[in-house]
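Read off the chains here:
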Amino acid sequence: MNAEVGLFAARSLAWALMLAGWIALTHLAERYAGGALQAFALVALWLLALGAGASAAAQWAASRSALRVASLAAAGVAASALLAATQGAGFHALWLAAPAWALLLGLASITV
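Quick notes on the rules
Residues numbered from 1 in each chain as written. Predicted model: local features only at pLDDT ≥ 70, side-chain atom pairs only at ≥ 80, totals over all residues. Heavy atoms only, no water. Helix = DSSP H or I, 4+ residues; strand = E, 2+ residues; numbered from the N terminus. Expected span 1.5 Å × (residues − 1). Contact = heavy atoms within 4.5 Å. Axes fitted to C-alpha atoms, helices over the stretch in contact; angles between N-to-C directions. Parallel < 35°, antiparallel > 145°, perpendicular 65-115°, else oblique. Left-handed = near helix turned anticlockwise from the far one by under 90°. Nonpolar A, V, L, I, M, F, W, Y, C, P; charged D, E, K, R; others polar. 1 Å grid on protein atoms, 1.4 Å probe; cavity = no way out; pocket = protein on both sides within 12 Å on 5 of 7 lines; lining within 4 Å. Points joined across faces, edges and corners; volume = space filled by probe spheres on them.

Draft legend 1. Highlighting helix H2 (residues 36–59). The terminal C-alpha atoms of H2, which comprises 24 residues, lie 35 Å apart, in line with the 34 Å expected from a rise of 1.5 Å per residue. As for H2, its buried residues are in contact with helix H1 (2–32) and helix H4 (91–111).

Draft legend 2. Representation of the environment of Arg11 within the structure. Among the structural elements, Arg11 can be located in helix H1. In the structure, Arg11 is positioned 98 residues away from Ser109 in sequence and 7.7 Å away in space, judged by C-alpha atoms.

Draft legend 3. Examining the environment of Gly6 more closely. Assignment of secondary structure puts Gly6 in helix H1. Residues Gly6 and Ala62, 56 residues apart in the sequence, show an inter-C-alpha distance of 20 Å.

Draft legend 4. Fine view of the packing of H1 against H2. Between H1 and H2, the shortest axis-to-axis distance is 8 Å and the interhelical angle comes to 155°. When the axes of H1 and H2 are compared, the pair comes out roughly antiparallel. Handedness of the crossing formed by H1 with H2: right-handed. Here Met18, Gly21, Trp22, Leu25, Thr26, Ala29 and Glu30 of H1 lie close against H2, whose contacting residues are Ala39, Leu42, Val43, Trp46 and Leu47. Tallied by class, residues from the contact of H1 with H2 come to 9 nonpolar, 2 polar and 1 charged.

Draft legend 5. Main features of the layout of surface pockets. Volume-wise, the largest pocket comes out at about 230 Å³. Surrounding the largest pocket, Arg64, Leu67, Arg68, Ser71, Leu104, Leu107, Ala108, Ile110 and Thr111 form its lining. Among the secondary structure elements, those contributing two or more residues to the lining of the largest pocket are helix H3 (64–89) and H4. It is H4 that provides the largest number of residues to the lining of the largest pocket, a total of 5 residues.

In structure tokens:
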């Protein structure tokens with residue numbers, strides 16, 4: 001029973017990470033992009049990186065500690081890029097945040 005609760009929590013957090021990425025990147029892309037095409041291109045990059053990251057992460061046979069380190073690194077890059085975007089770096093920082101967030105989501109999905 002305890003393992004089922006942990007699995008449910010991990011899956012819920014992975015879904016929350018995906019929805020939060022979709023909402024946050026879409027909002028920031030609309031706010032900082034020069035036009036609709038740039039905003040759509042950023043979301044398309046995120047979706048492409050999400051698929052590539054999930055495929056690559058599924059084939060990566062790493063230890064749990066290596067997954068934790070990679071997840072923390074991806075989260076750190078995504079968070080710092082999002083912070084930089086909101087504090088003056090603008091749209092260009094989102095080009096780094098999108099693939100980092102997608103990699104984080106791919107790493108989170110292979111743990112469940």
